[in-house]
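Structural description and commentary
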Amino acid sequence: MTTAATFRWSEGTATVTKPVLEVQELRKVYGEGEATVHALAGVSLTVDRGDYVAIMGSSGSGKSTLMNILGCLDIPSTGRYLLDGVDVSRLSDKQLALVRNRLIGFIFQSFNLIPRTTALANVELPLAYAGVKSAERRKRALASLDMVGLADRAGHEPNQLSGGQQQRVAVARALVTEPALLLADEPTGNLDSRSTEDVLKIFADLNAQGRTIVLITHEAEVGARAKRLIRLFDGRVRSDERNKR
Ligand code: ADP
Ligand code: MG
């Protein structure tokens, strides 16, 4: 049986050649009999380190299902998922939680910051879960806030920040653990065009620094800013193309 202790984590600069994620023939079936839904009907894709991928598709095409599996929030019915070289297709809930904390930085449409809690404390939180000591947490959280241009807002609480600023805090929080993958679900869905631009600029900068980003979006303008665009249709990859620069 696989246990957390047997995972081979990649430590920082160790190996750079293996894909960040690799899924093979992923299927997710909901319900049974006449009510059976094939939310994912055989999805295979590989994302290399440093890529920036947008996933698009109409409602019901399987985006959320795929995102939940890529984010280790759910497991596939069948198929394989290697995340940073670790086979996560068949882990227990507890093991998945560990993988999430260690390997993935999440960014949600609704920011999901903790209210009445400073930006700094929000960004420190994943480090606290990971058992990092207070002084080190603070230092790393400040560096992360600095990366999104909000070092001077560290003491502000979410309701004292604009939507765009809140999402930048959420990006800082996603970054702070140095995850292998930044996973964003409609990250600009609640933002006006100016804040959308701010967040996309940060994604572009982070990607230029070598961060791997996978995001889901409904917005063609957002999809166009990624390096690669994957379109889902009926639980399958309909197209997978490099965006022209
Ligand atoms: P999208 O995010 O692209 O709108 P989803 O991944 O949410 O698509 O859904 C894909 C298909 O799977 C849809 O037909 C949806 O109704 C179905 N589905 C999603 N989640 C469930 C669930 N928990 N139970 C039953 N069917 C589901
Ligand atoms: Mg969805």
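Everything numeric here is computed off the predicted structure, so don't read it as measured data.

The next subject is the packing of helix H3 (residues 119-129) against helix H4 (residues 134-147). In the contact formed by H3 and H4, the axes pass within 9 Å of each other and the chain directions differ by 120°. Compared by their axis directions, H3 and H4 come out oblique. For the element pair H3 and H4, the recorded crossing hand is right-handed. The segment H3 lies against H4, with Ala-119, Leu-120, Val-123, Glu-124, Leu-127 and Ala-128 engaging Arg-137, Arg-138, Arg-140, Ala-141, Leu-142, Ser-144 and Leu-145.

To continue, consider the pattern of salt bridges. Here the structure, examined in full by the defined rule, presents 13 salt bridges. Salt-bridge contacts for Glu-178 lead to Arg-211; the nearest nitrogen and oxygen are separated by 4.0 Å. Of the two residues, Glu-178 sits in the loop between helix H5 (163-175) and strand E7 (181-185) while Arg-211 sits in the loop between helix H6 (193-208) and strand E8 (213-216), which places them 33 residues apart along the sequence. Overall, Arg-211 belongs to the buried group, its relative accessible area being 15%.

All of the buried residues along helix H2 (residues 93-103) are Gln-95, Leu-96, Val-99 and Leu-103. Projected down its long axis, H2 carries its buried residues within an arc of 100°, all on one side. Exposed positions of H2 whose direction lies more than 90 degrees from the buried face are Asp-93 and Lys-94. Those residues of H2 that are buried are in contact with strand E4 (78-83), strand E6 (104-108) and E7.

Position of Gly-149 relative to the elements: it lies in the loop between H4 and H5. Distance in space between the C-alpha atoms of Gly-149 and Gln-165 is 9.2 Å, their sequence separation being 16 residues.

Across the sheet, six strands lie side by side as E6-E7-E8-E3-E9-E10; this open sheet has mixed pairing. The open sheet terminates on both sides in strands that have one partner only, identified here as E6 and strand E10 (236-242). Adjacent strand axes in the sheet meet at a mean angle of 15°, parallel and antiparallel pairs treated alike. In the sheet, strand E9 (residues 228-233) pairs with E10 via six bridges, with the strands oriented antiparallel. By the bridge assignment for E10, Phe-233 is matched with Arg-236. Its contacts with the sheet place H2 against E6 and E7, and it is angled at close to 85° to E6. Across the sheet, H6 lies against strand E3 (52-56), E6, E7 and E8, angled at about 135° from E3, the strand it touches most.

Parameters and conventions
- Residues numbered from 1 in each chain as written.
- Chains lettered and ligands numbered in written order.
- Predicted model: local features only at pLDDT ≥ 70, side-chain atom pairs only at ≥ 80, totals over all residues.
- Heavy atoms only, no water.
- Axes fitted to C-alpha atoms, helices over the stretch in contact; angles between N-to-C directions.
- Helix = DSSP H or I, 4+ residues; strand = E, 2+ residues; numbered from the N terminus.
- Parallel < 35°, antiparallel > 145°, perpendicular 65-115°, else oblique.
- Left-handed = near helix turned anticlockwise from the far one by under 90°.
- Contact = heavy atoms within 4.5 Å.
- Salt bridge = Lys/Arg side-chain N within 4 Å of Asp/Glu carboxyl O.
- Buried < 20%, exposed > 50% of the residue type's maximum accessible area, 1.4 Å probe, protein only.
- Arc of directions from axis to C-beta.
- Pairing = 2+ DSSP bridges.

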